[in-house]
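Single-letter residue listing:
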Amino acid sequence: SNVAVDFYRNHGKRDYYARALYYHGVAYYNRKEYDDAILEFTKAEKVARHSDSLYLGMIKIIQADTYRATYNELEQYNCLQESIKIFSNISQERYLCIAELQMAQLLADRFDYEQSERMLLSLLSRESLDTILRANCELCYAFVILMRSNDNALRAVEIYESILSEWGSELMTIQGYWAYA
């Protein structure tokens, strides 16, 4: 992917260069080379800021993922906030839902279950939510309501059982397994 970065830096449009940097960063991310990934995503962000809002939002989401992997909640939060703003401005509903789900998960990780639940209920009320996003929102919602009160345990188990019967264990998160068990 370094070849693509070099080519588009010298010969291509700015948005293609931003995309090449993005995918170069993704390669680092997938190899868990997070410092190098952040460097590539930051370069891509600088280029995309002037040319490609969709990729800028995508860059902010994967930066948030990278910061999550390195336990940097503040930067993760900032990147998610920015991606939500970007996707709202360019009417990219699916990407907006992904960013909002990640924000709800971060809020749950921070023990802000009330705000996380509000975000999840808002997401779950959207007709545009596709099946896999809906299932992930429901998983997170089940975890959040369980953490808010043991009185919600039966409802959380019903949600987990429904998802397990429809999807098997492939969607279950560590949080989900822990809460379900």
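One can find the structure itself at the top, above this paragraph.
Just so it is clear, the model here is predicted, and its values are computed rather than measured.

1. A look at the side chain of Gln63
Tracing the backbone shows Gln63 in helix H4 (residues 53–69). Judged by relative accessible area, Gln63 falls into the buried class, the value being 2%. With residues up to four places along the chain from it excluded, the contact list for Gln63 reads Ile38, Phe41, Thr42, Glu45 and Cys79.

2. Quick look at the packing of aromatic side chains
Inspection of the entire model under this criterion finds 8 aromatic pairs. The interplanar angle of 90 degrees and the centroid separation of 5.4 Å between the aromatic rings of Tyr22 and Tyr55 together place this pair among those described as edge-to-face. Of this pair, Tyr22 sits in helix H2 (residues 14–30) while Tyr55 sits in helix H4, and the two are 33 residues apart along the sequence. Taking relative accessible area as the criterion, Tyr55 reaches 11% and is therefore assigned buried.

3. Here we look at the side chain of Glu100
In this structure, Glu100 sits in helix H6 (residues 93–109). Residue classification places Glu100 among the buried positions, given a relative accessible area of 13%. Look past the residues within four positions of Glu100 in its chain and what remains in contact with it is Ile84, Met119, Leu123 and Arg126.

Basis of the calculations
Residues numbered from 1 in each chain as written. Predicted model: local features only at pLDDT ≥ 70, side-chain atom pairs only at ≥ 80, totals over all residues. Heavy atoms only, no water. Helix = DSSP H or I, 4+ residues; strand = E, 2+ residues; numbered from the N terminus. Buried < 20%, exposed > 50% of the residue type's maximum accessible area, 1.4 Å probe, protein only. Contact = heavy atoms within 4.5 Å. Phe/Tyr/Trp six-rings, centres within 6.5 Å; stacked < 30°, edge-to-face > 60°.

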